[in-house]
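Architecture at a glance
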Amino acid sequence: MERLIIDTDPGVDDAIAILLAIYSKKINIEAITTVCGNCSLEQATKNALKTLNIGNANHIPVYAGANKPLRNELVVAKVHGDDGLGNTSIPESNKEIEKEYAPDYLVRIAKQYPKEITLAPIGPLTNIAIAVENDPNFAKNIKRLVIMGGAEFGGNSSPVAEFNFWEDPEAAKIVFNAGFDEIVMVGLDATNKVVFSPKLREYLKHINTPIAKFIYDITDHYMYAEQIETKIIGCVIFDALVTGYIIDESILELKDCYVDIATEGICKGQSVVDNDGQYHNGKCNARVAYNAYDKKFFDIFYNTLFEEYHKDIKLILDTEFSN
Ligand code: BDR
Ligand code: CA
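Keep in mind the model is a prediction, meaning the values are calculated, not measured.

1. Some points on the pairing of strand S2 (residues 27-34)
The buried fraction of S2 is high, at seven of eight residues. Bridging between strand S1 (residues 2-8) and S2 involves seven bridges; their strand directions are parallel. Opposite Ile5, over in S2, you have Ala31 as the bridge partner. Crossover S1 to S2 through helix H1 (residues 12-23) is right-handed. In this fold, S2 hands off to helix H2 (residues 41-54), which returns the chain to strand S3 (residues 62-64); that crossover is right-handed.

Here is the structure:
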């Protein structure tokens, strides 16, 4: 059982990533920590609570964290809609959040269970950077980080920068240089290979469980908004690859690299990927995903969330990915 904390700014794809983790038999979610990014902290926290409610997981504690990036002003991501969940009217949850500040909670729990906790940051890295700065032992107390962020080639918030790192580049720089035992960087190079097509989405309508309906509804605006940005028919559900990878590591191919983050100028937020640490005396600080297997991912996605439909899912995926 993987003891997992998801640090998140829900966000349509964040919500999907959380649901995958809730329903996986391999993951035990210790807590959700929220951060501003796709939307304000307040909205992100509301959306995390709504997602737990839909997933029948109200026992999972939620801690709110940073309400602004370390240095920049917050710039929200339009693709997730005004409410961060695709302009839907998902009912509010009446679950209360914890009183402790998310970075303080992260420091405390890592100290209590050294090297037992996997952290999945799928928003800007602000909370994680604050935890690193507040406790010199924090990085060493964490088992591993599996991050959605960055890209070796190309960006989605600038020609070279991915949104989560672009939103808070100082935080990303602090995290990559903090000395974590293991960082897996799931960036755009991998996530963009896994497209949630209109056809795959349409099956959710037929499955029609509350989770299927929720994912169908929240991806409506998102799919069209993403399509305008990327010119791809369908959408990429970036963050879900992080929890998908934690469930089954064979969905991604990784390579050892040294990653550092540009914080200034036209390259702001760019993750500079040095393969095999060639320019760092062979030192590497991250494993970077350079490839992803779409059929394998969707197999995990559908079978984790809708196990009772496994026969139909096999047929659907064999048809969708026939070549
Ligand atoms: C990342 O940016 C956000 O909009 C998504 O939730 C994801 O974490 C992709 O660049
Ligand atoms: Ca996110």
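2. Remarks on the coordination of the calcium ion (ligand 2)
Note on the calcium ion (ligand 2): its protein donors are Asp9 (OD), Asp14 (OD), Asp14 (OD), Ile122 (O) and Asp239 (OD). The metal-donor distances range over 2.2 to 2.6 Å. Between consecutive donors of the calcium ion (ligand 2), the numbers of intervening residues give the motif D-x4-D-x107-I-x116-D. Pair noted here: Asp14 is in helix H1 and Ile122 is in the loop between strand S4 (117-121) and helix H4 (126-134), with a separation of 108 residues, a long-range link. Here Asp14 falls in the buried class, since its relative accessible area comes to 0%. In this structure Ile122 comes out as buried when scored by relative accessible area, which is 1%.

3. Comments concerning the sheet that holds strand S10 (residues 271-275)
Read across the sheet, nine strands follow the order S3-S2-S1-S4-S5-S6-S11-S9-S10 without closing on themselves; strand pairing throughout is mixed. At either end of the open sheet lies a strand with only one pairing partner, and these are S3 and S10. This sheet shows a mean twist of 30° between the axes of neighbouring strands, independent of strand direction. Relative to S10, strand S9 (residues 252-261) runs antiparallel, the two being bridged by five bridges. From the neighbouring strand, Asp260 faces S10, where its bridge partner is Val272. Together, S2 and S3 form the strand contacts of H2, whose direction differs from that of S2 by roughly 155°.

4. As for the site of ligand 1
Asp13, Asp14, Asn38, His80, Ile122, Met148, Asn156, Glu162, Phe163, Asn164, Phe238 and Asp239 make up every residue found near ligand 1. Within the contact set of ligand 1, an oxygen atom lies 2.6 Å away from a side-chain nitrogen or oxygen of Asp13. Here an oxygen atom of ligand 1 and a side-chain polar atom of Asp239 are 2.6 Å apart. Taking 280 Å² as the accessible area of ligand 1 by itself, protein coverage stands at 97%. Looking at the shell around ligand 1, the elements with two or more residues in it are H1 and helix H6 (163-167). Class assignment for the residues of the shell around ligand 1 results in four nonpolar, four polar and four charged.

Definitions and cut-offs
Residues numbered from 1 in each chain as written. Chains lettered and ligands numbered in written order. Predicted model: local features only at pLDDT ≥ 70, side-chain atom pairs only at ≥ 80, totals over all residues. Heavy atoms only, no water. Buried < 20%, exposed > 50% of the residue type's maximum accessible area, 1.4 Å probe, protein only. Helix = DSSP H or I, 4+ residues; strand = E, 2+ residues; numbered from the N terminus. Pairing = 2+ DSSP bridges. Right-handed = clockwise from strand over helix to strand, strands pointing away. Donors = N, O, S within 2.8 Å, 3.2 Å for Na, K, Ca; no water. Axes fitted to C-alpha atoms, helices over the stretch in contact; angles between N-to-C directions. Contact = heavy atoms within 4.5 Å. Near = heavy atom within 4 Å. Polar contact = N/O pair within 3.5 Å; in protein donor to acceptor, adjacent residues only side chain to side chain. Areas by Shrake-Rupley, 256 points an atom, 1.4 Å probe, with all protein chains shown as cover. Nonpolar A, V, L, I, M, F, W, Y, C, P; charged D, E, K, R; others polar.

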